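Each chain, letter by letter, is given below.
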Amino acid sequence: MTVYTERTKGHPFADFLGEHAQVLSIAFFFLVCIVFFSVMTTTFFSVGNVLNIVRQAAPILVVAIAMTLVILTGGIDLSVGSMVALINAIAAIVLALGVPWPLVIVAMLVLGGVIGLMQGWFVSYQGIPAFIVTLAGLSILRGFALYLTQGYSIPIRDVPGFFFIGRGELFGMPFPAILGILVAIAGFVVISVTKYGRQVVAVGSNLEAARRVGMPAKWIVASVYMVSGFACALAAILISARLGSGSSNAAVGFELQVIAAVVLGGTSLMGGRGTMIGTVLGTLTIAVIGNGLILMHISPFFTQIVTGAIILLAIWLNTRIFTTNFRFGGKKRN
Amino acid sequence: MIDDQQPLTAVGGTGDPSDPRSTGMAAATTPAVSLRGIRKTFGSHEALRGVDLDLYPGECLGLVGDNAAGKSTLSKIISGTHIPDEGTITLNGKTVRFSGPAEARRGSIEMVFQDLSLCDHIDVVGNLFLGRELTKGPFLDRKRMIEEARKMLDSLEIRIPRLTAKVEKLSGGQRQAIAIARAASFQPKVLIMDEPTSALAVAEVEAVLSLINRVKARGVAVVLITHRLQDLFRVCDRIAVMYEGTKVAERNIAETDLEDLVKLIVGEERH
């Protein structure tokens with residue numbers, strides 16, 4: 001008995017293109033940027049510069065991976081920049097008090113997770129929109145950082161072990177880059193093959209459905225903000241270890257770069273759709289553009305304009321072209 | 001109310017569960033689920049005003065009524081999605097109080113929701129196993145889920161070519177089929193279907209009706225909510241009629257007809 005209507009089976013290659021349109025598009029864009037800057041400058045495509053790019057991109061990458069989880073649930077975390085500044089400042093203060101650095105790192109990671117979870121609690125259990133909660137967090141956390149440091153930059157001295165995290169090299173790779181790659185791999189594994197990753201996507205795709213099938217939907221929503229806070233703490237440690245100081249003015253505009261990287265990677269702000277590979281490529285694209293424009297001796301202020309324009313372009317692509325009705329061979333991407 | 005005018009053939013709406021039942025089919029004596037005095041208020045709106053209902057294993061109960069009569073609310077209370085304000089739910093003789101859908105699901109109560117409750121961005125396999133993913137440690141056991149999903153769909157005669165396709169790519173009928181397969185495949189004791197055939201073509205409706213009969217034969221208590229009254233006579237053993245948040249009548253299928261049902265639904269007997 002043939003009962004349910006079937007569509008003819010599509011060509012596997014067409015299915016592949018359709019399902020990975022976003023990642024393919026950003027990969028293409030990334031390659032275009034690399035080729036463009038390699039041609040325009042002599043120094044861009046050198047080992048030294050490439051390592052420099054990944055070192056600089058590492059904090060953004062770490063937070064962008066966590067932000068992908070947040071945005072997958074349909075939320076957003078605007079407080080990441082302030083969170084990085086606060087943890088960065090506290091880490092420097094605590095290190096100046098002479099607390100052993102491994103203990104400081106553990107404490108900062110826990111602190112980040114706890115602050116993130118508090119925001120998650122408001123979003124998930126109290127039903128306040130993530131935009132509002134984390135906008136408040138953006139202000140409050142930066143305020144705490146300023147209050148604690150009184151606006152001064154606090155130097156970190158004589159902790160070579162701590163500095164290694166930001167400046168060291170392992171197997172010829174900058175340590176922050178290695179950390180960033182490890183976090184990206186972890187993020188990829190979590191989202192594609194673990195039960196938790198499946199729950200995150202389910203909650204973002206259809207919260208009520210996830211609740212009805214018995215998933216701990218509220219806890220999952222809250223938990224992604226905890227992961228985000230944790231990642232912010234990691235990024236703050238990377239930044240303070242690289243710069244050798246803690247400042248309340250660190251990571252200004254960081255949230256913009258992170259969200260731009262995630263959105264550029266094809267993750268939908270409506271939740272449910274997104275990939276870690278896209279986020280990695282989005283982060284690298286933004287890092288490459290920033291780096292390339294400087295090497296081309298274009299004003300660093302111009303980078304902001306370009307980054308903003310790219311966010312707009314990415315969201316435009318995301319909402320207008322890569323909808324569920326998108327088909328290759330129909331309207332071409334530009 | 002209507003209760004006192006009910007024909008003798010109707011099963012007493014407020015009767016106790018040990019009432020001898022006249023239906024020849026599925027002669028189980030203890031109800032799988034028994035509801036007593038269920039009340040539910042949303043704001044100032046009284047969605048349910050004291051409903052009693054028994055579901056018996058191996059029997060299909062049709063739940064009919066006009067829009068906003070309380071059918072969906074009642075079914076969501078059985079499935080744990082809504083928590084009743086008053087009244088008791090008895091599951092296999094034991095009084096239970098569900099804290100949420102997860103608990104009802106653990107009590108082997110499954111529901112096909114009117115809106116299907118599928119996750120569009122997850123593939124067919126993932127939706128079938130949503131909320132009870134097969135895992136190896138923290139990891140999804142994808143291979144085993146695909147094998148099991150294929151078996152589930154085959155046994156229900158549902159044909160979906162690519163199990164790894166995202167659900168958003170599927171037709172309305174296929175989506176509804178997946179929602180039904182998800183609810184029917186995990187050995188439910190109670191299966192509630194809220195408008196399962198609304199988006200289906202003729203052939204697909206036939207498949208769902210034959211599915212209901214097969215599930216019934218396995219001893220499952222089925223609740224079918226539908227506006228297609230003619231379908232009720234194909235699969236149901238008993239029909240409960242809701243009106244303005246109350247159950248106004250219960251009829252054995254052999255002792256009622258379309259005209260009688262329509263009268264009960266619109267409340268004509270009261271005029």
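Preceding block: the structure.
Presented here is an overview of the structure given in this document.

Rules and cut-offs
- Residues numbered from 1 in each chain as written.
- Chains lettered and ligands numbered in written order.
- Predicted model: local features only at pLDDT ≥ 70, side-chain atom pairs only at ≥ 80, totals over all residues.
- Heavy atoms only, no water.
- Salt bridge = Lys/Arg side-chain N within 4 Å of Asp/Glu carboxyl O.
- Helix = DSSP H or I, 4+ residues; strand = E, 2+ residues; numbered from the N terminus.
- Buried < 20%, exposed > 50% of the residue type's maximum accessible area, 1.4 Å probe, protein only.
- Pairing = 2+ DSSP bridges.
- Axes fitted to C-alpha atoms, helices over the stretch in contact; angles between N-to-C directions.
- Parallel < 35°, antiparallel > 145°, perpendicular 65-115°, else oblique.
- Left-handed = near helix turned anticlockwise from the far one by under 90°.
- Contact = heavy atoms within 4.5 Å.
- Buried area = accessible area lost by both parts, 1.4 Å probe.
- Polar contact = N/O pair within 3.5 Å; in protein donor to acceptor, adjacent residues only side chain to side chain.

## Topic: the pattern of salt bridges
Inference 1: The tally for this structure, following the rule as stated, stands at 20 salt bridges over all chains.
Inference 2: A salt bridge links E208 of chain A to R212 of chain A; its shortest N-O distance comes to 3.2 Å. Of this pair, E208 of chain A and R212 of chain A both sit in helix 10 (residues 207-212), four residues apart, which is roughly one turn of the helix.
Inference 3: For the salt bridge of D231 of chain B with R228 of chain B, the shortest nitrogen-to-oxygen distance reads 2.6 Å.
Inference 4: Residue classification places D231 of chain B among the buried residues on the basis of a relative accessible area of 3%.
Inference 5: On the basis of relative accessible area, R228 of chain B is assigned to the partly exposed category, the value being 33%.

## Details of the pairing of strand 3 (residues 60-65) of chain B
Residue and element names in this part refer to chain B.
Inference 1: Across the six residues of strand 3, six count as buried, placing the element largely inside the fold.
Inference 2: Taking every second residue as pointing to the same face, both faces of strand 3 are buried, with C60, G62 and V64 on one and L61, L63 and G65 on the other.
Inference 3: Note: strand 3 against strand 10 (residues 221-225), four bridges, orientation parallel. When the bridges of strand 10 are listed, L61 appears paired with V223.

## Let's talk about the packing of helix 4 (residues 80-96) of chain A against helix 5 (residues 101-124) of chain A
All names here are of chain A.
Inference 1: It is at 10 Å that the axes of helix 4 and helix 5 come closest, and there the two elements cross at 150°. As the angle between them shows, helix 4 and helix 5 are arranged roughly antiparallel. Seen along the crossing, helix 4 lies across helix 5 with a hand that is right-handed. The segment helix 4 lies against helix 5, with M83, L86, I87, I90, A91, V94 and L95 engaging W101, V104, M108, L111, G112, I115, G116 and Q119.

## With respect to the interface of chain A and chain B
Inference 1: At the interface, 31 residues of chain A touch 44 residues of chain B.
Inference 2: Both sides of the chain A and chain B interface together cover about 3,400 Å² of buried area, and 55% of this is carbon and sulfur.
Inference 3: Linking chain A with chain B are one salt bridge.
Inference 4: For R212 of chain A, the salt bridge goes to D115 of chain B, with nearest N and O atoms at 3.0 Å.
Inference 5: Counting across the chain A and chain B interface gives nine residue pairs in polar contact (both at pLDDT 80 or more).
Inference 6: Within the residue set of the side of chain A that touches chain B, elements represented by two or more residues are helix 1 (12-19), helix 8 (175-193), helix 9 (195-205) and helix 10 of chain A.
Inference 7: Among the elements that make up the side of chain A that touches chain B, the one with the highest residue count is helix 9 of chain A (five residues).

Read these as layout, nothing more, since geometry by itself doesn't imply function.
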